Amino acid sequence: MATLSDRLNINSQIEHLQAKYVGTGHADLTKFEWALNIHRDSYASYVGHHNMVSYFGVVENESIGRVKYEFLQRMLLPCGLPPKAQDQSEDEEEK
């Protein structure tokens, strides 16, 4: 059975990982932010692995440079514009 010190140690390790790596998430992460991290990580992986870019180039009948360019452009807003927060929409309705 885990002791209190083990739990605190695990929590501090998780907090350290979340501070060090952006994509690991945290308790207040929204569904949109989570999807954004997943899409950006995927596109970064595709661009970084030449074989994947070659595969996408053949499938889409595009050059490797064009595929890399398109993936880099998609990394800017991979999931579209972020949804409005509840606080912002309530403030606008009052005005």
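Residues numbered from 1 in each chain as written. Predicted model: local features only at pLDDT ≥ 70, side-chain atom pairs only at ≥ 80, totals over all residues. Heavy atoms only, no water.

### Some details on the overall build of the protein
The test is simple: For the purposes of this entry, the term helix denotes a DSSP run of H or I that reaches at least four residues, the term strand denotes a run of E that reaches at least two, and both are numbered from the N terminus. When accessible area is computed with a 1.4 Å probe and restricted to protein chains, residues below 20% of their type maximum are described as buried, those above 50% as exposed, and intermediate ones as partly exposed. Working rule for contacts: check all heavy atoms of both residues, and any pair within 4.5 Å makes them a contact. Working definition of accessibility: Shrake-Rupley area with a 1.4 Å probe, residue cover restricted to the visible protein chains.
Of the regular secondary structure elements, the protein holds five helices and zero strands. Walking the protein from its N terminus toward its C terminus, one meets helices and strands in the order α-α-α-α-α. Classification of the 95 residues of the protein by burial places 14% in the buried group. Restricting to contacts in the protein with at least 6 residues of sequence separation, those with at least 24 account for 49%. As displayed, the protein has an accessible area near 7900 Å², and 55% of this comes from carbon and sulfur atoms.

### With respect to the packing of helix α2 (residues 31-48) against helix α3 (residues 50-60)
Threshold: The axes used here are C-alpha line fits, helices contributing only the stretch in contact, and every angle between their N-to-C directions lies in the interval 0 to 180 degrees. Roughly parallel refers to an angle under 35 degrees, roughly antiparallel to one over 145, roughly perpendicular to one between 65 and 115, and oblique to any angle outside these ranges. Three residue categories are used. Nonpolar comprises Ala, Val, Leu, Ile, Met, Phe, Trp, Tyr, Cys and Pro, charged comprises Asp, Glu, Lys and Arg, and polar comprises the others, including Gly.
Look at α2 against α3: their axes get within 5 Å of each other, and the N-to-C directions meet at 95°. In terms of orientation, α2 lies roughly perpendicular with respect to α3. Contacts from Y46, V47 and G48 in α2 reach H50, M52, V53 and F56 in α3. Among the residues making up the contact of α2 with α3, the classes are represented as five nonpolar, two polar and no charged.

### Things to note about the packing of aromatic side chains
For any pair of aromatic rings, the description rests on two quantities: the centre-to-centre distance and the angle between the ring planes. What counts, and what does not: Put simply, two rings from Phe, Tyr or Trp (the six-membered ring, in Trp's case) pair if the centres are within 6.5 Å, and we call them stacked under 30 degrees between planes, edge-to-face over 60, tilted for the rest.
Across all of its chains, the model carries six aromatic pairs by this definition. With 5.8 Å between their ring centres and 65° between their planes, Y55 and F56 make a pair best called edge-to-face. Judged by relative accessible area, Y55 falls into the exposed class, the value being 51%. Relative to F71, the ring of F56 lies with its centre 5.2 Å away and its plane at 90°, an arrangement referred to as edge-to-face. On the criterion of sequence distance, the pair formed by F56 in helix α3 and F71 in helix α4 (residues 64-74) is long-range, its members being 15 residues apart. Take F56 and F71: they sit in the same class, and that class is buried. In this structure an aromatic cluster arises from ring pairing among Y43, Y46, Y55, F56 and F71.

### Things to note about the nonpolar core
Most often, soluble globular proteins keep nonpolar side chains buried together rather than apart. Under the convention used in this document: Note on terminology: a nonpolar core comprises buried Ala, Val, Leu, Ile, Met, Phe, Trp, Tyr and Cys residues joined through side-chain atoms within 4.5 Å.
Within the largest apolar cluster, six residues are counted, these being Y43, V47, V53, F56, V67 and F71. When residues of this core are traced back to their parent elements, those giving at least two are α2, α3 and α4. Those residues within four positions of F56 in sequence are excluded, and the remaining contacts are Y46, V67 and F71.

### What to know about the confidence of the model for the protein
Caution applies to low-pLDDT parts of the model: their predicted coordinates are not meant to be read in detail. We count it as follows: Values of pLDDT, which run from 0 to 100, indicate the predictor's confidence residue by residue.
Predicted confidence across the protein gives a mean pLDDT of 84, with 87% of residues reaching 70 or more. When mean pLDDT is compared element by element in the protein, α3 scores highest at 96, while helix α5 (residues 86-94) scores lowest at 60.

### Thoughts on a nonpolar patch on the surface
Spelled out, the test is: Like charges within 9 Å and nonpolar side chains (Val, Leu, Ile, Met, Phe, Trp, Tyr) within 5 Å are joined into patches, using only residues over 30% in relative accessible area that form no salt bridge. For salt bridges, the criterion is a side-chain nitrogen of Lys or Arg within 4 Å of an Asp or Glu carboxyl oxygen.
On the surface, L76, L77 and L81 cluster together into a nonpolar patch covering about 350 Å² of accessible area. Topologically, L81 is positioned in the loop between α4 and α5.

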